Amino acid sequence: MLHMLEKTVLDNPLVAAFAFVGAVIWVSNLLGRHLTGGRVAGSAIAIIVGLALAYWGGAVTGKTKGLADVAQFGGLALMGGAMMRDFTIVATASEVHVDEAKKAGWLGFLALVLGTVLPFIVGVGVAYAYGHRDPVTLTTIGAGAVTYIVGPITGAAIGASSDVIALSIATGVVKAILVMIFTPVFARFMRLNNPQAAMVFGGLAGTVSGVSAGLAATDRRLVPYGALVATFHTGFGCLLGPSILFLAVKALFG
Amino acid sequence: MVIFGTALLAACYLAGVVIGEGIAALIGVKANVGGVGIAMLLLIAAQHYLQKRGMFPVDTAKGVTFWAMMYIPVVVAMAATQNVIVAARSGPIALLSAAGAFAICIVFISLINRVIERAHIASAALEPVSDDHDPASDLSVAPDHR
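Model, not experiment: these values are computed from the prediction.

A. Quick look at the interface of chain B and chain A. Tallying the contact residues gives 74 residues for chain B and 99 residues for chain A. Of all the elements in the fold, those that place two or more residues in the side of chain B that touches chain A are helix H1 (2-27), helix H2 (35-52), helix H3 (58-69), helix H4 (71-80), helix H5 (84-89) and helix H6 (92-118) of chain B. Examining the composition of the side of chain B that touches chain A, we find that 21 residues originate from one element, H6 of chain B, more than from any other. Here the residues of the side of chain B that touches chain A sort into 54 nonpolar, 15 polar and five charged.

B. Geometry of the domain arrangement of chain A. All names here are of chain A. Along its sequence, chain A is carved into domain 1 (2-80) and domain 2 (98-253). Placing the centre of domain 1 and that of domain 2 at their C-alpha centroids yields a distance of 27 Å. Each partner contributes to the interface: domain 1 provides six residues, whereas domain 2 provides seven residues. For the side of domain 1 that touches domain 2, the per-class residue count stands at five nonpolar, one polar and no charged.

C. How the structure looks around unusual backbone geometry. A positive phi angle is found at Arg-191 of chain A, which is not glycine, with a value near 55°. Relative to the elements of secondary structure, Arg-191 of chain A occurs in the loop between helix H10 (162-186) and helix H11 (195-205).

D. Structural detail: the confidence of the model for chain B. All names here are of chain B. Confidence along chain B averages 83 in pLDDT terms, with 88% of residues attaining 70 or more. Predicted confidence is poor over residues 133-146, with pLDDT under 50, and the contacts of this stretch with residues over four places away or in other chains come to 14 contacts. Overall fold confidence for the complex sits at a pTM of 0.81, while the interface term, ipTM, reaches 0.83.

E. Spotlight on the packing of helix H7 (residues 105-129) of chain A against H6 of chain B. For the pair H7 of chain A and H6 of chain B, the least separation of the axes is 9 Å and the interaxial angle reads 150°. One element, H7 of chain A, and the other, H6 of chain B, form an angle in the roughly antiparallel class. Considering how the two elements wind past one another, H7 of chain A and H6 of chain B form a crossing that is right-handed. Along its contact with H7 of chain A, which presents Leu-107, Ala-111, Leu-114, Gly-115, Leu-118, Pro-119, Val-122, Gly-123, Val-126 and Ala-127 of chain A, the element H6 of chain B presents Ile-93, Leu-96, Ser-97, Gly-100, Ala-101, Ile-104, Cys-105, Phe-108, Ile-112 and Ile-116 of chain B. Considered class by class, the residues forming the contact of H7 of chain A with H6 of chain B number 16 nonpolar, four polar and no charged.

Conventions we followed
- Residues numbered from 1 in each chain as written.
- Chains lettered and ligands numbered in written order.
- Predicted model: local features only at pLDDT ≥ 70, side-chain atom pairs only at ≥ 80, totals over all residues.
- Contact = placed C-beta atoms within 7 Å.
- Helix = DSSP H or I, 4+ residues; strand = E, 2+ residues; numbered from the N terminus.
- Nonpolar A, V, L, I, M, F, W, Y, C, P; charged D, E, K, R; others polar.
- Domains from an automatic or database assignment.
- pLDDT = per-residue confidence, 0-100.
- Axes fitted to C-alpha atoms, helices over the stretch in contact; angles between N-to-C directions.
- Parallel < 35°, antiparallel > 145°, perpendicular 65-115°, else oblique.
- Left-handed = near helix turned anticlockwise from the far one by under 90°.

Rendered as C-alpha cells:
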C-alpha cells in the first residue's frame, strides 16, 4: 500500500508538488491565524517553512536543490524552477495599474543603479577586510553581493577561480534568503505599502527570488511592481559587473 | 476560452525572453536583460489593447489570473528548492557581504520611500487585506487618504 503510494508520487512529480505545496500553505495559514493571531501572513510562514524544508533536504542528500533532491519531492524543482517563477511573475502583470507604474519609472531606474553599486561596494569592502587584494577576486565577491547570478557570470567573464565563484554564489544565495525572510519584518520601516515604494524596493533589493518572495510575504498586490523593476536587475548587474565595476576595482586596487 | 488567456501569457513571456536575449547579445552580456520585465510590459499592452476592442472576455482573463494566483505557491516551492545549506554554512565573507548589502539597501529604500511619500510621488498606502482577499478588486477602489 505504502509502496504503491510512493510509486504514484514518484511517477507524478509535478502533481505531487502541487498537492504538497498546497498542504504546506494550508498548515502555514492555520499557524499564522492561530499561533500569531494573524500578525504574520500565512505566505511568510509558508516561505520560511519552505526554506527550512530546503535545509533539511540539503542536509539529508548533500546536494544543491534543497528538498527537490529528495526523490519524492522532485516535482518541486519544476514547480519552483525559473520557468514557472518567471511565468507566474509575468502573469501578475495583469494586476498592474499602468498609471501607478508610470509614476515611478525613473525612480525604478535610480533604485536599479543604487541596488547594483551599493551591494557591490559592500561586497568588495568585506572581501578587502578579509585580506583579499586581487581585483578579480574582489570584483567577483562584490558581484555576488548583487545577485547569485551576477556573481558567477562576472567571475567567469574576468577569469576568477572556481572557489571564488563558489563564494560569490554563496554570497548571493545568502542575500536572497535574507531578503525573503526579513522583507516582511522591515516592511514598515521601509514604508513598503504602495506601488511606487515596491518599485524602489525591487530595484534596490535586486535579486528576483528574494524580491518576489519578500513582497509575496508582505502584500501580494505589491509583487508585480517590485518584480517589474527587479527583473532588470540581473541583466543590469551582468552588464556593469565585468565592465565598469571591474575597471573601477582594478583602478583602485590593481 | 481559458486557453486563449494562458496562450497570450505564454506568447508574451516567450517574446519578452527573446527580446531580453536579443538585447543581451547586442550589448555583449551573458545574461537575459530584463526579458521578464519586457514580457510584463507586453502583457499589460496586449491586455489593454484587447480589452478596448472587447476581445478579452472573462474566460480569457481567467487563463491569465489563474497563473497570477499561482505565484505564491510557486514561490513557496522555490523557497523549498533553495540551496539553504550552502547559505547557512558559508563563511563570514558571504554572510557579512550579504547582510551588509541588504542592510544598506534597506536604509536607502526607507530613505527614498520617505522622500517620495512626502513629495506625494507615492500613492496612498494600500488598505490592509486578509490572506484570501480577491486581488481583482484592489487599488481601483482603495480610498485616497492624502
